[in-house]
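# Chain and residue survey
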Amino acid sequence: MLHIVTHPDYDIPLADGHRFPSRKFTRLISHLDAEGILAKFTQANPIPATIDALSRIHDPNYVASIKDGSITAEALRVLGFEWSEALARRSFLAPNGTLMTARLALEHGLACHAAGGTHHAHYGHGAGFCVFNDIAFTAMNLLREPGIDQVLILDCDVHQGDGTARMLIDEDRAVTVSLHCATNYPARKAISDFDIELDRGLDNDGYLAILADTLSKLAGMMRPDIVIYDAGVDIHIDDRLGYLNVTDQGLRARDDMVLAHFLARDIPVATVIGGGYDKDVNALIRRHAQIFKASANAYAHYCH
């Protein structure tokens, strides 16, 4: 059974013109439904994470400030949002959404989250439109469960997963791999277990060659119990914040390559959508839809 994890409260109200496409989440589900893709998935909805659960990986004072709105103006400036009850609710839902996705992937081989990838959130603050770090939250929770000895985080968002790398730096069982544009946000990079820096203007062939080489090297070094795959679409040539020259065809080839690589080895994969920034929200949603198309095909091929 192939699951998609989503929630109607993932959308948040932001001012017109804001760079973060805050209403893309429900529109993505509607698009998948209209295209006949949603019917290939079983839908699941998370419940909000508790303050205690998030405080195991984030500063409890920071977690409380998101819950009650006491977060400072400066912290909100770094985060990139204004506080609202809708933002708080979404922020407590999404980490559990990724954790639910990962548990479903462990059970069925593959599962997809129609959100997630908030990899710029750090222990004591949010940044870059990321409130809580759903990837670190999921990895640390999984590693507390029987039979999970290693979690691989493959972050293919165009921006380095700096928050994830810093939050998991002392956890050897969580392996962080980041393929990102070298001259892009964040200016001050973290140190992942594996950082693959990409030149501006890299095209489909160049990107896919580097990805294939990375996957090959990882296969020779480890066999994780699960992969959390950040399928950010901001590597796209038309992305406002990307700086790479990967096309729609390149995006799909990337997702197909990643899923085939791990599923052919019977390694479960949990996908999150990561970043994507375009004034044309419909074009952006079509890019995000690629990972769900690829997942439906890969599940039919490898997981039955």
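Throughout what follows, the structure given in this document is the object of discussion. Just so we're clear, the structure is a prediction, and the values are computed from it rather than from any experiment.

We now examine the side chain of Ser65. With respect to the helices and strands, the residue Ser65 is situated in helix α3 (residues 60-68). Owing to a relative accessible area of 9%, Ser65 belongs among the buried residues under this scheme. There is a polar contact of 2.7 Å between the side chain of Ser65 and the backbone oxygen of Tyr62. Each residue touching Ser65, except ones within four places of it in the same chain, is listed here: Ser70, Ile71 and Trp83.

This next bit is on the sheet that holds strand β4 (residues 151-155). The parallel open sheet is built from eight strands, whose spatial order is β2-β1-β3-β8-β7-β4-β5-β6. Two strands close off the open sheet at either side, each with one partner strand: β2 (42-44) and β6 (194-198). Each strand axis lies, on average, 15° off the axis of its neighbour in the sheet, ignoring direction. Pairing of strand β3 (residues 110-113) with strand β8 (residues 269-272) involves three bridges; the strand directions are parallel. Along β8, the bridge assignment pairs Cys112 with Thr271. Set on the sheet, helix α5 (residues 85-108) makes contact with β1 (3-5), β2, β3, β7 (226-230) and β8; between it and β3 the angle comes to about 165°.

By the secondary structure assignment, Lys279 is in the loop between β8 and α10 (281-302). When the C-alpha atoms of Lys279 and Asp239 are compared, they prove to be 8.9 Å apart, with 40 residues separating the residues in sequence.

Remark: helix α8 (residues 204-219) packs on helix α9 (residues 248-263), axes separated minimally by 10 Å, with the N-to-C direction vectors making an angle of 10°. When the axes of α8 and α9 are compared, the pair comes out roughly parallel. Note on element contacts: α9 touches α8 through Gln249, Gly250, Ala253, Arg254, Met257, Val258, His261 and Phe262, opposite Asn204, Tyr207, Leu208, Leu211, Ala212, Leu215, Ser216 and Ala219. When grouped by side-chain class, the residues that make up the contact of α8 with α9 number 10 nonpolar, five polar and one charged.

A few words now on the side chain of Thr214. The topology assignment puts Thr214 in helix α8. Looking at Thr214, the relative accessible area reads 9%, which means it is buried. Those residues in contact with Thr214 that sit more than four places away from it in its chain are Val177, Leu179 and Ile196.

Calculation rules
- Residues numbered from 1 in each chain as written.
- Predicted model: local features only at pLDDT ≥ 70, side-chain atom pairs only at ≥ 80, totals over all residues.
- Heavy atoms only, no water.
- Helix = DSSP H or I, 4+ residues; strand = E, 2+ residues; numbered from the N terminus.
- Buried < 20%, exposed > 50% of the residue type's maximum accessible area, 1.4 Å probe, protein only.
- Polar contact = N/O pair within 3.5 Å; in protein donor to acceptor, adjacent residues only side chain to side chain.
- Contact = heavy atoms within 4.5 Å.
- Pairing = 2+ DSSP bridges.
- Axes fitted to C-alpha atoms, helices over the stretch in contact; angles between N-to-C directions.
- Parallel < 35°, antiparallel > 145°, perpendicular 65-115°, else oblique.
- Nonpolar A, V, L, I, M, F, W, Y, C, P; charged D, E, K, R; others polar.

Take it as geometry only, folks, not as evidence of what the structure does.
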